[in-house]
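# An overview of the molecular structure
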Amino acid sequence: MTGEQILFLVISGLTIVTGILVVTLRNLFHAALAMMVSFLGVAGLYILLDAGFLAAAQLLVYIGAISILIIFAVMLTRRMMQAQDTPFNGQAGMGLFTAVITFALISFIITRLWRQPIFATPLDVPSEVMDQIVVQLGADLVSANAYVIPFIVASLLLLAALIGAIYVAWPQEEEAS
Amino acid sequence: MQIDPIQLLQSALDLTLFTFLREAFADQPTALFIINILVVLSLATVPLLMVFVVGWVERKVLARMQDRIGPNRVGGRYGLLQMVADVVKMMTKEVIIPAGADLWAYLPAPVLALMTSVLLFAVLPLAPAVIGVDLNVAVFYVLAISSVSVVAILLAGWGSNNKYALLGAFRAVAQLVSYEVPMILSILVPILLARSMSTVGLVEAQNIPFIVFVPVAALVFFVSSLAETGRSPFDLLEAESEIVAGFHTEYTGMYFGLFMAGEYIAIMFMCALFSTAFLGGYRFFGLEEIVLEGGFYLGNLIGAAALFVKSAVIFFLFMWLRGTLPRFRVDQVLNFNWKFMVPLTLVLLFTVAILDKLIFTWFPDMTDIGRALIHLASNLLIAAITIEVLRRRIQRQRQALAPVVDIEHVPELEQAHAH
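A short tour of the structure in this document, coming up. The structure presented is a predicted model; accordingly, all values stated were derived computationally and were not measured.

So, about the overall build of chain A. Regarding its fold elements, chain A presents seven helices and zero strands. When the elements of chain A are put in sequence order from the N terminus, they spell out α-α-α-α-α-α-α. For chain A, buried positions account for 20% of its 177 residues. Counting contacts in chain A only where the partners sit at least 6 residues apart, residues at least 24 apart contribute 56% of the total. Put simply, chain A shows about 13,400 Å² of open surface, and 72% of that area lies on carbon and sulfur atoms.

Bringing a nonpolar patch on the surface into the picture now. All names here are of chain A. Among the surface-exposed residues, Leu105, Ile106, Phe108, Ile109, Ile110, Leu113 and Trp114 lie close enough to one another that they form a single nonpolar patch of about 680 Å² accessible area. In this structure, Phe108 sits in helix α4 (residues 92-113). Taking relative accessible area as the criterion, Phe108 reaches 46% and is therefore assigned partly exposed.

With that settled, consider empty space enclosed by the protein. Residue and element names in this part refer to chain B. Scanning all chains against the criterion turns up one cavity of 30 Å³ or more. Taken together, 21 residues make up the lining of the largest cavity; nearest its centre are Ser117, Ser149, Ile153, Glu228 and Ala266. Mapped onto the lining of the largest cavity, the elements with two or more residues apiece are α6 (108-119), α7 (138-159) and α13 (253-278). When residues in the lining of the largest cavity are grouped by element, the largest group, five residues, is from α13.

Here the focus is the interface of chain B and chain A. Facing the 21 residues of chain B at the interface are 21 residues of chain A. Counting the surface lost from both chain B and chain A, the interface buries some 1,900 Å², and carbon and sulfur atoms represent 86% of this. Here chain B and chain A share zero salt bridges between them. Where chain B packs against chain A, one counts one residue pair in polar contact (both at pLDDT 80 or more). Residue assignment for the side of chain B that touches chain A shows that the elements contributing at least two residues are α5 (103-106), α7 and α8 (163-194) of chain B. Looking at the side of chain B that touches chain A residue by residue, the class counts come to 17 nonpolar, three polar and one charged.

Position of B:Gln82 among the secondary structure elements: in helix α4 (residues 82-92). Sequence-distant contacts of B:Gln82, that is, excluding residues within four places in its chain, are made with B:Trp56, B:Arg59, B:Pro71 and B:Val74.

Rules used in this analysis
Residues numbered from 1 in each chain as written. Chains lettered and ligands numbered in written order. Predicted model: local features only at pLDDT ≥ 70, side-chain atom pairs only at ≥ 80, totals over all residues. Heavy atoms only, no water. Helix = DSSP H or I, 4+ residues; strand = E, 2+ residues; numbered from the N terminus. Buried < 20%, exposed > 50% of the residue type's maximum accessible area, 1.4 Å probe, protein only. Contact = heavy atoms within 4.5 Å. Areas by Shrake-Rupley, 256 points an atom, 1.4 Å probe, with all protein chains shown as cover. Patch = residues over 30% accessible without salt bridge, like charges linked within 9 Å, V, L, I, M, F, W, Y side chains within 5 Å. Salt bridge = Lys/Arg side-chain N within 4 Å of Asp/Glu carboxyl O. 1 Å grid on protein atoms, 1.4 Å probe; cavity = no way out; pocket = protein on both sides within 12 Å on 5 of 7 lines; lining within 4 Å. Points joined across faces, edges and corners; volume = space filled by probe spheres on them. Buried area = accessible area lost by both parts, 1.4 Å probe. Polar contact = N/O pair within 3.5 Å; in protein donor to acceptor, adjacent residues only side chain to side chain. Nonpolar A, V, L, I, M, F, W, Y, C, P; charged D, E, K, R; others polar.

Put into structure tokens, the structure is as follows:
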């Protein structure tokens, strides 16, 4: 077993264990922390796959923004110190159904592709090409022949969300005045 | 495997030790692995040792600015070993963990705070070809890592089970998350000009330092890096008159020391990043390329010294501001960011992007000087407009507070006169 494989096992194990902790811990704040570690593990997996840009994006978006948002929401909405109630609700049946379906789907795909060359041999992509891929992604996002329309639509959506947030948070004016 | 000891010594002196070792052991994966670990160790240790120097310099300079002498007893003259004594003191102090602390948040927080600061140094180019790792998305990496430092502060504030700590953490997060926006936008300007996100690419593109191109962007970046590192006048995360010591109120001994070290390392990195992005980093009139006979890279030493001096000047500005300016209020900090810095930087970014694109379309072979002059002119214009807008706004505010009274036609007086 190479060092990379050992690292992969450690990181993916960490990701899975903390992922399970997220849904089983009774303390909501600890669950949020576990989720953060889980995100970190996913970023580690990206680095192992030589996807440095994706790993940095994972850190910036999921840990720097989403986790902080969730922690803030948890802090502001719950009586944290007393929150010891069970995290489970009555939808275990639905959850089991979804999990089994997803598991079956993924195992089906993996067993079908198992003997294919894409799994048998590691992809040997030189790092220069990988660097070019990020450059290509950047160029495609603003190129008229590629993804500029989805990009602009996404930014419009964000703008609408921003305006909506400001409108919701705006202090209500007195009707009389 | 024979290694020439003289070459080894030479490579150690001109900062290419690890490049030399990598070439020598190129065919042995285990040795390469150990060398990589050594690279990481040295990159992480040097900033930590630098904290001793930086801390002492800051105390000494601040003391001079406040008409004091500063540390002057420990370690013979000038209090040279003051920081060593402080660290020994911190290490021997008892670590007191407050009752009711959330240990899962309380214990990792200082480690995370220090770790995020040290990790930044991986992408700092010290000299040509002397860099931890030359990522092509290095600036993005820096932003990603520094966004994690917010988590450490939040953990510390929450885990301490103390209202002051929690309030301090809320303030800190509000400030850090807000000032990330102008910081990212203003560092996008040199990235646009250099057409590269790698720190090496940024430096290589600066035949003329970018501060000449875009002084306003440099100023915005400087101010937001002050806020990002929680330095005066933005040091209200630890405003002792309001919230004791902010998020690290409940930390004692070396646990507090880790926060302190992390803060200093982040400041050092911000100074170095400013030098890299706006002042040309390790470049010093081409002297950084000198190679002596026998393959001694003297230029590396000159480059590292140039970067050090440039960063030191920026750090002096940090200290100067700390010694001069009073602290902002919370609302002032947030208003200043969202109503002034962000719009200004957005305008700046659009102007630079459009202008640079136009220059490259219409005058593809314009020299760097011409390009610099055009950008400088547009920047100065933006600065002038900004100052004018601010002047009018403040004038209006003052008039609203104390309206100008026309003495000739005061209505009450006229009424009284008519009767």
